[in-house]
Amino acid sequence: MKILKFGGTSVGSAARMKAVAALIQGDEPKIVVLSAMSGTTNALVQISELLYQHKNEEAKAQIDALHHTYKQVATDFYTSAEKQQQANELLNQHFDYLRAFTQDSFTTHEERAVLAQGELLSTALFQFFLEEQGINSVLLPALNFMKIDENEEPDTAYIAANLKAELAKYPETKLFITQGYICRNAFGEVDNLKRGGSDYSASLIGAAADADEIQIWTDIDGMHNNDPRIVKNTYPIAVLSFDEAAELAYFGAKILHPSSVQPAKQKNIPVRLLNTMQPEAKGTIITAESEGGKIKAVAAKDGITAIKIKSGRMLLAYGFLRSVFEVFERYKTPIDMITTSEVAVSLTIDNARFLNEIVHELEAFGQVEADQEQTIVCVVGDFMEERSGAALKVFEALKDIPLRMISYGGSKNNISVLINTPHKVDALQKLNEGIFEHNATNA
Ligand code: ADP
Ligand code: ASP
Ligand code: MG
């Protein structure tokens, strides 16, 4: 069994979805995971914001505009009048459902139901196309097996049991289509795996189904050595280890959802990153193997808050850090980076939802400063074997950028620095020149 996930651009029009249908031909058993068509989830986020603000007329206008776009997709997608009609009936149902939210007050529960519509639409439209083509496939509702628990973590035992039960209903079927991103939560409500979550769906499905391979099909030819939206002359990396890929995904390489490597790593399932627009390109293969001794790539994660706690009486006292960490634990706020000195400890978080409460509790330990608009820049590779040169290269490249925090040695795969966000573009470009220029000209 292989899992093939296609992202928003890859299913962004009827023509693109037809190209996907061609890519999934063949008898090998497959589960195809689809994102919403590009732009849809953003549109649904905007509609939700308008509904929260009680701008119901504006929300309705946006829903109508999105409906109009989808009607055009239905016209382009199918040749038979019968399928066009079926698709239009489906669209009417989904868009009438959205319009119903403009009548009443709007809650987070309803927002999640709104956000789920994109993947429900793309998969249903795609399944209609396969039916029209006479291709035998089954649309599996992700809401029947994908689930998160009360800590918003995937309930992997539930997912495996329920996915297997769904698959077992169709012993003759080789091709399954399902939604990325959407799931149920601990209360059985419709929820999601956060933005970009279809990659995570694919990986969780791969682990649950004990797949041979998980393929993430997107609009670029693999993981690049630096953010291609910011830096020129980036190039695809052929081979990455699970740990390197996980660091890059977690620290901002948008091509992969931050948590999406973990389920594949746990089951040792290779992950291949491939380009729908250029299917013959080699892409990136992610496995347990490490190439060793190389700086592989750079990524950056914005929206970071740095918190510094200064105290005259603390650091060498055992139990102090535990008390600090317990504050973050109480607010379910993960810490990304940490540095300590005799008189202060600095750490970073990327979820500032409970910042005020956290700062207030930390003030019991000393003087607290919090700074937002920070960025973690993370350099990833295998630094054990290049121990005596990697850090020098990184800091030489960054010599003109003010560094707020430095983290090295936490794992053998990562050197991270914290900078003010306005320095990010410069930092990524300088790292490219300093570390990869030589590789780029040879690539
Ligand atoms: P999809 O809709 O297929 O999930 P995404 O937009 O989520 O696609 O991810 C692909 C995009 O990630 C690329 O188009 C690219 O702009 C961006 N990206 C950011 N960093 C990297 C990187 N290091 N390597 C490749 N792509 C990256
Ligand atoms: N459609 C969702 C999003 O735009 C999930 C995904 O595309 O991975 O975030
Ligand atoms: Mg994505």
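Nothing here was measured: the structure is a model prediction, and the numbers come from that model.

(A) Expanded view of helix α11 (residues 320-330). Buried within α11 we find Phe-320, Val-324, Val-327 and Phe-328. The buried residues of α11 occupy an angular sector of 95° when the element is viewed end-on, so they sit on one face. Along α11, the residues that are exposed and aim more than 90 degrees away from the buried face are Arg-322, Glu-329 and Arg-330. Of the surrounding elements, those touching the buried residues of α11 are β11 (295-310), β12 (335-340), β13 (344-349) and α12 (355-362). A positive phi of about 50° marks Lys-332, the residue just after α11.

(B) Structural detail: the packing of aromatic side chains. Counted according to the given criterion, the structure contains 13 aromatic pairs. With a centroid separation of 4.8 Å and 15° between ring planes, the pair formed by Phe-77 and Phe-129 is classed as stacked. With Phe-77 in helix α3 (residues 56-77) and Phe-129 in helix α6 (residues 117-132), this pair connects stretches of sequence that are 52 residues apart. Taking relative accessible area as the criterion, Phe-129 reaches 6% and is therefore assigned buried. Here the aromatic rings of Tyr-97 and Phe-101 are separated by 5.1 Å at their centres, their planes lie at 80°, and the arrangement is edge-to-face. We classify Tyr-97 as partly exposed; its relative accessible area is 39%.

(C) Examining the site of ligand 1 more closely. Taken together, 16 residues lie around ligand 1, and Lys-5, Thr-218, Asp-219, His-224 and Lys-254 are the ones closest in. With respect to ligand 1, the backbone of His-224 contributes an N or O atom lying 2.8 Å from a nitrogen atom. Backbone polar atom of Ile-255 to an oxygen atom of ligand 1: 3.5 Å apart, as the coordinates give it. Across the complex, the protein chains shield 87% of the 570 Å² of accessible surface that ligand 1 would expose by itself.

(D) Representation of the site of ligand 2 within the structure. Lining the immediate environment of ligand 2, one finds Ser-35, Ala-36, Thr-41, Glu-119, Tyr-181, Arg-195, Gly-196, Gly-197 and Ser-198. One nitrogen or oxygen atom from the side chain of Glu-119 is found 2.6 Å from a nitrogen atom belonging to ligand 2. Gly-196 places a main-chain nitrogen or oxygen 2.8 Å from an oxygen atom of ligand 2. Burial of ligand 2 by the protein chains amounts to 87% of its free accessible area of 260 Å². The class makeup of the residues in the shell around ligand 2 is 2 nonpolar, 5 polar and 2 charged.

(E) Quick look at the packing of helix α5 (residues 108-115) against α6. The geometry of α5 relative to α6 is characterised by a closest axis approach of 5 Å and an angle of 25° between their N-to-C directions. In terms of orientation, α5 lies roughly parallel with respect to α6. Listed contacts from α6 to Ala-113, Val-114 and Leu-115 of α5 are Gln-117, Gly-118 and Glu-119. Broken down by class, the residue content of the contact of α5 with α6 amounts to 3 nonpolar, 2 polar and 1 charged.

(F) The side chain of Asp-199, seen in detail. Following the sequence through the fold, Asp-199 ends up in helix α8 (residues 198-208). When its relative accessible area of 4% is taken as the criterion, Asp-199 is described as buried. Reaching out from Asp-199, the side chain makes a polar contact with the side chain of Lys-5 at a distance of 2.6 Å. Those residues in contact with Asp-199, other than ones at most four positions away along the chain, are Lys-5, Ile-216, Ile-255, Leu-256, His-257 and Ser-260.

(G) Main features of the sheet that holds strand β8 (residues 239-241). Spatially, β3-β4-β2-β1-β7-β9-β10-β8 is the arrangement adopted by the 8 strands of the open sheet, whose pairing is mixed. Lying at the two open borders of the sheet, with one neighbouring strand each, are β3 (138-140) and β8. Adjacent strand axes in the sheet meet at a mean angle of 20°, parallel and antiparallel pairs treated alike. Where helix α7 (residues 156-168) meets the sheet, it contacts β2 (30-34), β3 and β4 (175-179), and its direction lies at approximately 160° from that of β3. The sheet strands contacting helix α9 (residues 242-250) are β8, β9 (271-275) and β10 (284-287), and the helix crosses β8 at an angle near 85°.

Conventions and cut-offs
Residues numbered from 1 in each chain as written. Chains lettered and ligands numbered in written order. Predicted model: local features only at pLDDT ≥ 70, side-chain atom pairs only at ≥ 80, totals over all residues. Heavy atoms only, no water. Buried < 20%, exposed > 50% of the residue type's maximum accessible area, 1.4 Å probe, protein only. Helix = DSSP H or I, 4+ residues; strand = E, 2+ residues; numbered from the N terminus. Arc of directions from axis to C-beta. Contact = heavy atoms within 4.5 Å. Phe/Tyr/Trp six-rings, centres within 6.5 Å; stacked < 30°, edge-to-face > 60°. Near = heavy atom within 4 Å. Polar contact = N/O pair within 3.5 Å; in protein donor to acceptor, adjacent residues only side chain to side chain. Areas by Shrake-Rupley, 256 points an atom, 1.4 Å probe, with all protein chains shown as cover. Nonpolar A, V, L, I, M, F, W, Y, C, P; charged D, E, K, R; others polar. Axes fitted to C-alpha atoms, helices over the stretch in contact; angles between N-to-C directions. Parallel < 35°, antiparallel > 145°, perpendicular 65-115°, else oblique. Pairing = 2+ DSSP bridges.

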